[in-house]
Amino acid sequence: MGRVEGKVALITGGARGQGRSHAVRLAEEGADIVILDACSQIDSVPYPLATEVDLKETERLVAATGRRVLSRVADVRDQAQLDAVVADAYNEFGRIDIVSANAGIVGFRPTWELTDTEWQDMLDVNLTGAFHTIKAVVPPMIEAGCGGSIVITSSIQAMLGSGNIAHYNASKSGVMGLMRTLATELGPHGIRVNTVNPSAVETPMLHNEATFRIFGPDLENPGPQDLWERSKDRNPMGVGWVSPEDLSNAVLFLASDESRFITGVALPIDAGVRL
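In what follows, the accompanying structure is described.

Scoring rules and cut-offs
Residues numbered from 1 in each chain as written. Predicted model: local features only at pLDDT ≥ 70, side-chain atom pairs only at ≥ 80, totals over all residues. Heavy atoms only, no water. 1 Å grid on protein atoms, 1.4 Å probe; cavity = no way out; pocket = protein on both sides within 12 Å on 5 of 7 lines; lining within 4 Å. Points joined across faces, edges and corners; volume = space filled by probe spheres on them. Helix = DSSP H or I, 4+ residues; strand = E, 2+ residues; numbered from the N terminus. Nonpolar A, V, L, I, M, F, W, Y, C, P; charged D, E, K, R; others polar. Buried < 20%, exposed > 50% of the residue type's maximum accessible area, 1.4 Å probe, protein only. Pairing = 2+ DSSP bridges. Right-handed = clockwise from strand over helix to strand, strands pointing away. Contact = heavy atoms within 4.5 Å. Polar contact = N/O pair within 3.5 Å; in protein donor to acceptor, adjacent residues only side chain to side chain.

Things to note about the layout of surface pockets
Gaps left between atoms are located by rolling a probe of water-molecule size over the structure's atoms. Each pocket or cavity is described by its volume, and for the largest pocket that value is around 960 Å³. Lining the largest pocket are 50 residues, and of these Tyr47, Ile105, Val106, Tyr168 and Met205 lie nearest its centre. At the level of elements, helix 1 (17-28), strand 2 (32-37), helix 5 (166-186) and helix 6 (209-215) are the ones that each hand at least two residues to the lining of the largest pocket. A class-by-class count of the residues in the lining of the largest pocket yields 25 nonpolar, 19 polar and six charged.

Some words on the pairing of strand 1 (residues 8-12)
Within strand 1, five of the five residues are buried, leaving the element largely enclosed by the surrounding structure. The two faces of strand 1 match: Val8, Leu10 and Thr12 on one face and Ala9 and Ile11 on the other face are all buried. For strand 1 and strand 2, the ladder comprises five bridges, and the chain directions are parallel. Pairing of Val8 across the sheet is with Asp32, part of strand 2. Each parallel crossover has a hand, and the one from strand 1 via helix 1 to strand 2 is right-handed. As paired strands, strand 1 and strand 4 (residues 98-101) are joined by three bridges and run parallel to one another. Opposite Ile11, over in strand 4, you have Ser100 as the bridge partner.

As for the pairing of strand 2
The element strand 2 is extensively covered by neighbouring structure, given that six of its six residues are classed as buried. The two faces of strand 2 match: Asp32, Val34 and Leu36 on one face and Ile33, Ile35 and Asp37 on the other face are all buried. As judged from the five bridges shared by strand 2 and strand 3 (residues 69-73), these two strands associate in the parallel manner. Opposite Asp37, over in strand 3, you have Val73 as the bridge partner. For the segment spanning strand 2, helix 2 (residues 52-63) and strand 3, crossover handedness is right-handed.

Here's the deal with the side chain of His22
For His22, the position within the fold is in helix 1. Discounting chain neighbours no more than four positions away, the residues touching His22 are Ile11, Ser100, Asn102, Pro244, Leu247, Ser248 and Val251.

Section: the environment of Ser71
Mapped onto the elements of the fold, Ser71 is located in strand 3. C-alpha separation for the pair Ser71 and Val85, spaced 14 residues apart in sequence, amounts to 8.7 Å. Aside from chain neighbours lying at most four places away, what touches Ser71 is Ile35, Leu55 and Glu59. At a separation of 2.9 Å, a polar atom in the side chain of Ser71 contacts the side chain of Glu59.

Next comes the structure, spelled out in structure tokens:
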């Protein structure tokens, strides 16, 4: 316990899924938490996105650990909204030490069938959203002079490549390039920057009808078990997906002083999919 005691963590996409898991795990290890999520639907996304009810539940779970929590409805596509959340965080806590740029969406379609809107929405959330987060948090972190850790959520697909997700892969490959540049720029300020690169993760982004049908187009009513069976042979450990907690433990490690000299790294949490 206490691996990030006394630190403050800001998490985008914090209403549910990986973001919720990261918030709770970091709080369990002593961090106060800032969570934000757009809590609105994007028309081009083929599954329901998080709601304000989800955000309130994450807030409740963090508070139950005994840590302080600040939650805001904010869209990472809007720089002014990110800037306002960061300002509120500094007013409330006086610092930000850990950043999880986690907000993201996914969609499925052959590359040549993608609409301009599908392409742009994906990049706006996954890549530009990470850029906006960085622009909001980095200047005050540098000014504070306390160093810190930034962890951006990428994907194992940025190391591989699968069909029907060109816009997703482009966005997640982009954040790896962003991470490497930032690691170089921010190292002199004691701020480390890394990515986590998961394979399939057991969240609403994975467990929804659109994803089930991508993996089971020949099935009348595909569900989670069908997805598991058709995914498990893609890795040597024979699992259909990893859990949000697996990602959170990796984020915790990269956020803690245990990784104080680790920067510029893309860390796979993939059960060996890339092998």
